[in-house]
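What the coordinates show
The chain contents come next:
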Amino acid sequence: MESFLDALFEYAQEKEIVSYLETREYRRATSDLEEHWAAFRSTLTAEQDRRLDQVLTQEKRIGQLEEKAVFRCGLSLGVGLGRL
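Below you will find a few notes about this structure. (Residues numbered from 1 in each chain as written. Predicted model: local features only at pLDDT ≥ 70, side-chain atom pairs only at ≥ 80, totals over all residues. Heavy atoms only, no water.)

The next subject is the overall build of the chain. When helices and strands are counted, the chain shows three helices and zero strands. Start at the N end of the chain and walk to the C end: the helices and strands fall as α-α-α. Based on the C-alpha atoms only, the size of the chain along its principal axes is roughly 55 × 30 × 20 Å. The 84 residues of the chain split such that 6% are buried. Side-chain charges of the chain comprise 12 positive and 16 negative groups, with the mean position of each set lying 2 Å from the other. (Helix = DSSP H or I, 4+ residues; strand = E, 2+ residues; numbered from the N terminus. Buried < 20%, exposed > 50% of the residue type's maximum accessible area, 1.4 Å probe, protein only. Lys, Arg positive; Asp, Glu negative; His and termini not counted. Charge placed at Lys NZ, Arg CZ, Asp CG, Glu CD.)

Right, let's talk about the pattern of salt bridges for a bit. Taken as a whole, this structure holds six salt bridges when the rule is applied. One salt-bridge network, held together by shared partners, links Glu2, Asp6, Lys68 and Arg72. (Salt bridge = Lys/Arg side-chain N within 4 Å of Asp/Glu carboxyl O.)

Taken as a whole, this structure holds two aromatic pairs when the rule is applied. A centroid spacing of 5.4 Å and a plane angle of 70 degrees characterise the contact between phenylalanine 9 and phenylalanine 71, whose relative ring orientation is edge-to-face. On the criterion of sequence distance, the pair formed by phenylalanine 9 in helix H1 (residues 2-21) and phenylalanine 71 in helix H3 (residues 46-82) is long-range, its members being 62 residues apart. Looking at phenylalanine 71, the relative accessible area reads 22%, which means it is partly exposed. (Phe/Tyr/Trp six-rings, centres within 6.5 Å; stacked < 30°, edge-to-face > 60°.)

A separate point is a nonpolar patch on the surface. A cluster of nonpolar side chains, namely Ile17, Tyr20, Leu21 and Tyr26, defines an oily patch on the protein surface of about 410 Å² accessible area. With three residues, H1 is the single largest residue contributor to the nonpolar patch. Summarising the element assignment, tyrosine 26 is placed in helix H2 (residues 24-41). (Patch = residues over 30% accessible without salt bridge, like charges linked within 9 Å, V, L, I, M, F, W, Y side chains within 5 Å. Areas by Shrake-Rupley, 256 points an atom, 1.4 Å probe, with all protein chains shown as cover.)

Along its 20 residues, H1 runs 27 Å from first to last C-alpha, staying within 8% of the 28 Å computed at 1.5 Å per residue. Helix geometry: H1 is bent most strongly at glutamine 13, by close to 40 degrees. For H1, the complete set of buried residues consists of Leu5, Phe9 and Ala12. (Expected span 1.5 Å × (residues − 1). Bend = angle between axes of the 7 residues up to and from the residue.)

What follows is the structure, given as structure tokens:
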């Protein structure tokens, strides 16, 4: 069952989520964020940049776990509503 849920999650990320994020607002926000990150990182020393990468990698992993949890909750709610 675990591998089935993982496959559904990957499918949703690769095929479905993109269509919901293709908005002008999202593109503008990501573009602005990339510019801000570039400006911020240009002020860091090599050691600070390395440490920041470590923190961001850990934060990204936690975000992925949270996304999976939200997906599973949504799927569970959908199945429950489908039974009504």
